[in-house]
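Here's the letter readout for the chains.
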Amino acid sequence: MGRSPDFPGIEQGSLAALVRADNRLLLMLEHFEILLPLREKTLDEACRDAGINPELVAAVARLYIGRRLKIGTGITSADLPAIIRYLKSNHSFYLDEIFPEIRQLIGQLAASNRSEEMPLVQKFFEDYYREVEEHLKYENEIAFPYIGRVFENTTGESQPLNTEYSVNEYRDHHDDIEQKLDDLIRLLIKYLPGQNDQKIRRDLFNKLNELDYDLRVHSMIEDQILIPLVESLEKKSRS
Amino acid sequence: MGKTIHIAVLEPSVLIFEGLSGIAERMDLPLRMKHIGSVQELEKLLSCHNYELILLNPSYIQHNARQFHSLKKEAPDTRWIGISYAVFDNTTMAFFDEVISITDPLERVASVMRKTPEPSGPKDNENGSLLSEREKEVLQQLAVGLSNKEIADKLNISINTVITHRKNITIKTGIKTVSGLTIYAVVNKLASLDNIR
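Residues numbered from 1 in each chain as written. Chains lettered and ligands numbered in written order. Predicted model: local features only at pLDDT ≥ 70, side-chain atom pairs only at ≥ 80, totals over all residues.

A. Region of interest: the overall build of chain B. Helix and strand counts for chain B stand at 10 helices and 5 strands. The globule rule puts the C-alpha radius of gyration for 197 residues at 16 Å, and the 21 Å found for chain B is more than 25% above it. Along the first, second and third principal axes, the C-alpha atoms of chain B reach 65 × 35 × 25 Å. In chain B, which comprises 197 residues, the share counted as buried stands at 25%. Partitioning the contacts of chain B with sequence separation of at least 6, the portion at a separation of at least 24 is 69%. (Helix = DSSP H or I, 4+ residues; strand = E, 2+ residues; numbered from the N terminus. Rg over C-alpha atoms; globule rule 2.2 N^0.38 Å. Buried ≥ 20, exposed ≤ 12 C-beta atoms within 10 Å, placed from the backbone. Contact = placed C-beta atoms within 7 Å.)

Below, the structure is given as structure tokens:
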């Protein structure tokens, strides 16, 4: 677990050592377009190559391994485009990769398990999927473009801000898609009767957890890094 | 595993908050602590969330006594703990269920926080047989798609009773959404696919 006190220093150690200490960081690096092989690179070097502020990647890594943000994160409004790119990469991971995998596993489970509730489980998943899709669409079409405009204001290419909208609304929009996922995981591990399909269930459980974890960090990044940053810019541009 | 204890901290000092959350982290209890910056924010949160514990700086009470007393009345299961690092009058301090002082040893602070009542309901003995007969009836109706009002009419009970049963069903099963509960009902033979809308 990431909380172990002998975790290698995030900023100083090699990326390869970091990823070995917590395998979830591989996916995080991928979201930043830092890909395998990692060679002997430190986080600083990899970020320089990728043109990202290492402080941003270190901050996200901290959230990923269950630590709290460092005091004085060193993240500035110049990092906004990278944050948005990161979050969008999360979106493609959900839609193109993990959701199809989960759907396939639920399909396999339904094929091997003829019990009455399986069609309901499939429907439950599809409803949940649509909700997530809608939320991501909102981020892509409303929240992110708005943040883009706030950012352009800081670089001088000033455009009038839509005063009707503020990032606060985005915060409120963050709703409980987590609740449905939590129910699905609970039903799977506690209630749905098995029919010699333990391996499919285990795979499904792992995938759902992976998704759950990534979604949680995703919203932590929005709440703790992105929204405060945009709020401070809004204050400046409206004062 | 017990249910998560939710703690709100209304305290202007970041140092105090960080200290409290450091202690909380070392208590090995599932808890979530939220730092709150204003009375308005607390009010807003209390209107939609349950907090088992609220830690707050007594100076807020001094200026909003009436408001706090009505907040307290609305959340009878919440324990209100004062964080004292200055002297306040007795009327203000009487508001609190308990008071911790910044000179208290860690153990005492931890023990005050630990005394938090477990959120009601059984902890991990969640299973279908635990639902009472009435709860099973409510769940059956929920599964076929009836609203609270319709369930109340059908079972001849008040809407409030339906809501209480629903709350208890969720506490006992751990499942929060109606569609999730429907699946639970089918698994436990309380409903069948044929009569689900």
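Having seen the model, we can carry on.
B. The overall build of chain A, seen in detail. Across its full length, chain A holds 9 helices and 0 strands. Listing every helix and strand of chain A by position from the N terminus yields α-α-α-α-α-α-α-α-α. Taking all 239 residues of chain A together, 26% fall into the buried category. A separation threshold of at least 6 residues defines the contact pool for chain A, and within that pool the share at least 24 residues apart is 69%.

C. Quick peek at the interface of chain A and chain B. The partner chain B presents 14 residues to the 15 residues of chain A that form the contact. Counting residues per element, the ones that place at least two in the side of chain A that touches chain B are helix H6 (118-154) and helix H8 (177-191) of chain A. When residues of the side of chain A that touches chain B are assigned to their parent elements, the largest contribution, 7 residues, is made by H8 of chain A. When grouped by side-chain class, the residues that make up the side of chain A that touches chain B number 7 nonpolar, 1 polar and 7 charged. (Nonpolar A, V, L, I, M, F, W, Y, C, P; charged D, E, K, R; others polar.)

D. Summary view of unusual backbone geometry. Residue and element names in this part refer to chain A. A cis amide bond, omega -5°, links Leu-36 with the succeeding residue Pro-37. Mapped onto the elements of the fold, Pro-37 is located in the loop between helix H2 (24-31) and helix H3 (43-50). At Glu-33, a residue that is not glycine, the phi angle is positive and equals roughly 60°. Structurally, Glu-33 is set in the loop between H2 and H3. For Glu-33, a count of 13 C-beta atoms within 10 Å translates into the label partly exposed. For Arg-39, which is not glycine, the phi torsion reads 50° and is therefore positive. Along the chain, Arg-39 turns up in the loop between H2 and H3.

E. Highlighting the nonpolar core. Counting residues in each nonpolar core, the largest one holds 36 residues, and the members touching the most others are Val-121 of chain A together with Leu-139, Leu-181, Ile-183, Tyr-184 and Ala-185 of chain B. Of all the secondary-structure elements, those providing two or more residues to this core are helix H5 (80-112), H6, H8 and helix H9 (198-238) of chain A together with helix H7 (133-143), helix H9 (159-173) and helix H10 (178-187) of chain B. Once residues within four sequence positions are removed from consideration, Ile-183 of chain B is found in contact with Glu-117, Leu-120, Val-121, Phe-124 and Leu-187 of chain A. Judged by nonpolar contacts, the second largest core, of 35 residues, contains Leu-43, Val-57, Val-150 and Phe-151 of chain A. (Core = buried A, V, L, I, M, F, W, Y, C linked by C-beta atoms within 7 Å.)

F. The environment of Leu-95 of chain A, seen in detail. Structurally, the position occupied by Leu-95 of chain A is in helix H5. Looking at Leu-95 of chain A, the number of C-beta atoms within 10 Å reads 14, which means it is partly exposed.

G. How the structure looks around the confidence of the model for chain B. Residue and element names in this part refer to chain B. Confidence in the prediction of chain B, expressed as mean pLDDT, is 86, and 91% of residues score 70 or more. Taken together, the stretch residues 120-128 has pLDDT below 50 and engages in 15 contacts with residues farther than four places along the chain or on a different chain. Reported confidences for the modelled complex are a pTM of 0.74 and an ipTM of 0.83. (pLDDT = per-residue confidence, 0-100.)

H. Representation of the domain arrangement of chain B in the model. Examined at the domain level, chain B breaks down into domain 1 (5-114) and domain 2 (128-195). Summarising the inter-unit geometry, the C-alpha centres of domain 1 of chain B and domain 2 of chain B are found 35 Å apart. (Domains from an automatic or database assignment.)

I. Region of the structure containing the packing of H2 of chain A against helix H4 (residues 54-64) of chain A. Residues and elements named next belong to chain A. Orientation of H2 relative to H4, taken along the N-to-C sense of each, is 145°, at an axis distance of 10 Å. Like other packed secondary-structure pairs, H2 and H4 cross with a definite hand, here right-handed. Together, Arg-24, Leu-25 and Met-28 of H2 and Val-60, Ala-61 and Tyr-64 of H4 make up the contact between the two elements. By residue class, the composition of the contact of H2 with H4 is 5 nonpolar, no polar and 1 charged. (Axes fitted to C-alpha atoms, helices over the stretch in contact; angles between N-to-C directions. Left-handed = near helix turned anticlockwise from the far one by under 90°.)

J. Summary view of the packing of H6 of chain A against H10 of chain B. Packing of H6 of chain A against H10 of chain B brings their axes to within 10 Å, and their N-to-C directions diverge by 170°. By the criterion of interaxial angle, the relationship of H6 of chain A to H10 of chain B is roughly antiparallel. Side by side, H6 of chain A and H10 of chain B meet where Leu-120, Val-121, Phe-124 and Asp-127 of chain A of the first sit next to Ser-179, Gly-180, Thr-182, Ile-183 and Val-186 of chain B of the second. Looking at the contact of H6 of chain A with H10 of chain B residue by residue, the classes come out as 5 nonpolar, 3 polar and 1 charged. (Parallel < 35°, antiparallel > 145°, perpendicular 65-115°, else oblique.)

K. The domain arrangement of chain A, seen in detail. Residue and element names in this part refer to chain A. Domain parsing of chain A yields domain 1 (1-75) and domain 2 (77-238). Computed from C-alpha atoms alone, the centre-to-centre distance between domain 1 and domain 2 is 22 Å. With 12 residues of domain 1 at the contact, the number on the domain 2 side is 14 residues. The set of elements that each furnish at least two residues to the side of domain 1 that touches domain 2 consists of H2 and H4. It is H4 that provides the largest number of residues to the side of domain 1 that touches domain 2, a total of 5 residues. When the residues that make up the side of domain 1 that touches domain 2 are grouped by side-chain class, the tally is 9 nonpolar, 2 polar and 1 charged.

L. Layout of the pairing of strand S4 (residues 79-84) of chain B. Residue and element names in this part refer to chain B. In this structure, strand S3 (residues 53-56) lies alongside S4, joined through 4 bridges in parallel fashion. Pairing of Leu-56 across the sheet is with Gly-82, part of S4. Where S4 meets strand S5 (residues 98-101), 4 bridges bridge the pair, whose relative direction is parallel. Bridge pairing in S5 places Ile-81 opposite Glu-98. (Pairing = 2+ DSSP bridges.)

M. Representation of the sheet that holds strand S2 (residues 31-36) of chain B. Residue and element names in this part refer to chain B. Read from one edge of the open sheet, 5 strands run S2-S1-S3-S4-S5, paired in parallel fashion. Both edges of this open sheet fall to S2 and S5, since each of them pairs with a single strand only. Sheet twist, expressed as the mean angle between neighbouring strand axes with direction ignored, is 20°. Packed onto the sheet, helix H1 (residues 14-25) meets strand S1 (5-10), S2, S3 and S4 and runs at close to 175° relative to S2.

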